[in-house]
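One-letter residues, chain by chain:
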Amino acid sequence: MSRQYLGSMQKLLAALRFYSPVPLVLLCSCNALSGWDTKHPVDPKNPITLQLAIAVAVLSIQEGEAAHGYLYLLMYFAKLRHSEAVQVTSSSLFPPGYLDQQGVTTSFASILLPRTKTGPNKVALVKDPLGIKVLCRLKTLLSNHSTWPSVWTFNSALARRVRLLGLDLNLTSHCFRRGSAVADYMNGVPIRTIMEDGRWASQRSLRRYLEISRFLIVRYPQCTHPVFLAARATPLRMLQLG
């Protein structure tokens, strides 16, 4: 049973229960679906490693879609959801050194997000030096860029590039956010910091999310594709950043 089908069934049964007298069998069905979803998570969203994210970005650049490649990495370093990434424009990207609302010069790069899952007008920080280089390059490219792909198109292109690397992995646009969070977690970054950086609503949901991701990421197969190996050895050169 797919997660999309399960979610649709839960919504339908909840609506029937709310708007009309519902037979006991439907109430039991709704409760059973909720219990099954809790005990048996379906189709977990796999995380991506930074090395694999760089390799996928390099493939995108080589295919003439540099902006998409840099967006992959920005989604990783800023822990962006797809719904947040499609809001990225040249004017929403701020390199280090600008004055914030309090008149303080910033040391990190940042992204202004008008709409997020946890509220309006959030700021995503980019602290990693490579991430800052990616943001600055993307800002220059976006002056001639119009729109970002839909989530379906985004996921299809991502899946194709992962297959080109010889890997059989179920990755979606969410893998960048998840991979960045679990990398921080495995490197000892406090849960509270990860929650704030990724704009999560609660530590409880984030902790469960990270435990599942950590289990998935340690089972990743080795990649021996030349682009992956070159990107791991000389990421700046392969990403055309120096």
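Residues numbered from 1 in each chain as written. Predicted model: local features only at pLDDT ≥ 70, side-chain atom pairs only at ≥ 80, totals over all residues. Heavy atoms only, no water.

**Quick word on the packing of aromatic side chains**
Two descriptors summarise a pair of aromatic rings, namely the distance from one centre to the other and the angle between the planes of the rings.
Then comes step 1: Under the criterion given, the structure shown has four aromatic pairs.
Then comes step 2: Centre to centre, the rings of Tyr76 and Phe77 are 5.4 Å apart; their planes meet at 85°, and the pair counts as edge-to-face.
Then comes step 3: Judged by its relative accessible area of 6%, Tyr76 is buried.
Then comes step 4: When the centroid spacing of 6.5 Å and the interplanar angle of 85° are considered together, the rings of Phe154 and Phe176 count as edge-to-face. (Phe/Tyr/Trp six-rings, centres within 6.5 Å; stacked < 30°, edge-to-face > 60°. Buried < 20%, exposed > 50% of the residue type's maximum accessible area, 1.4 Å probe, protein only.)

**A closer look at unusual backbone geometry**
Then comes step 1: Even without being a glycine, Lys79 presents a positive backbone phi close to 55°.
Then comes step 2: Residue placement: Lys79 occurs in the loop between α4 (66-78) and α5 (82-85).
Then comes step 3: Judged by relative accessible area, which is 4%, Lys79 ranks as buried. (Helix = DSSP H or I, 4+ residues; strand = E, 2+ residues; numbered from the N terminus.)

**Observations regarding the side chain of His174**
Then comes step 1: Note on placement: His174 falls in helix α8 (residues 174-186).
Then comes step 2: What His174 contacts, discounting residues up to four positions off in sequence, is Lys45 and Tyr209. (Contact = heavy atoms within 4.5 Å.)

**What about the pairing of strand β2 (residues 109-116)?**
Then comes step 1: With two bridges joining them, strand β1 (residues 93-94) and β2 adopt antiparallel strand pairing. Directly across from Leu93, in β2, lies its bridge partner Ile111.
Then comes step 2: Between β2 and strand β3 (residues 119-126), which follow one another and run antiparallel, lie two residues. (Pairing = 2+ DSSP bridges.)

**A few points about the pattern of salt bridges**
Then comes step 1: For the coordinates displayed, the defined rule picks out eight salt bridges.
Then comes step 2: The residue Asp184 makes a salt bridge to Lys79 at a minimum N-O spacing of 2.7 Å. Residue Asp184 is found in helix α8, and its partner Lys79 is found in the loop between α4 and α5; the two are separated by 105 residues along the sequence. Taken as a pair, Asp184 and Lys79 share a single burial class, namely buried.
Then comes step 3: Through salt bridges with shared partners, a single ionic network connects Glu63, Glu65, Arg160 and Arg161. (Salt bridge = Lys/Arg side-chain N within 4 Å of Asp/Glu carboxyl O.)

**Some remarks on the environment of Leu236**
Then comes step 1: Inspection of the secondary structure assignment puts Leu236 in helix α12 (residues 235-238).
Then comes step 2: C-alpha of Leu236 to C-alpha of Ile54: the two residues are 182 residues apart in sequence and 9.7 Å apart in space.

**Quick look at helix α9 (residues 191-198)**
Then comes step 1: Along α9, the residues that are buried comprise Ile191, Ile194, Met195, Asp197 and Gly198.
Then comes step 2: For α9, the secondary structure elements touched by its buried residues are α4, α8 and α10 (203-217).
Then comes step 3: Positive backbone phi, approximately 60°, marks Arg199, located one or two places after α9.

Geometric values such as these leave the question of function open.
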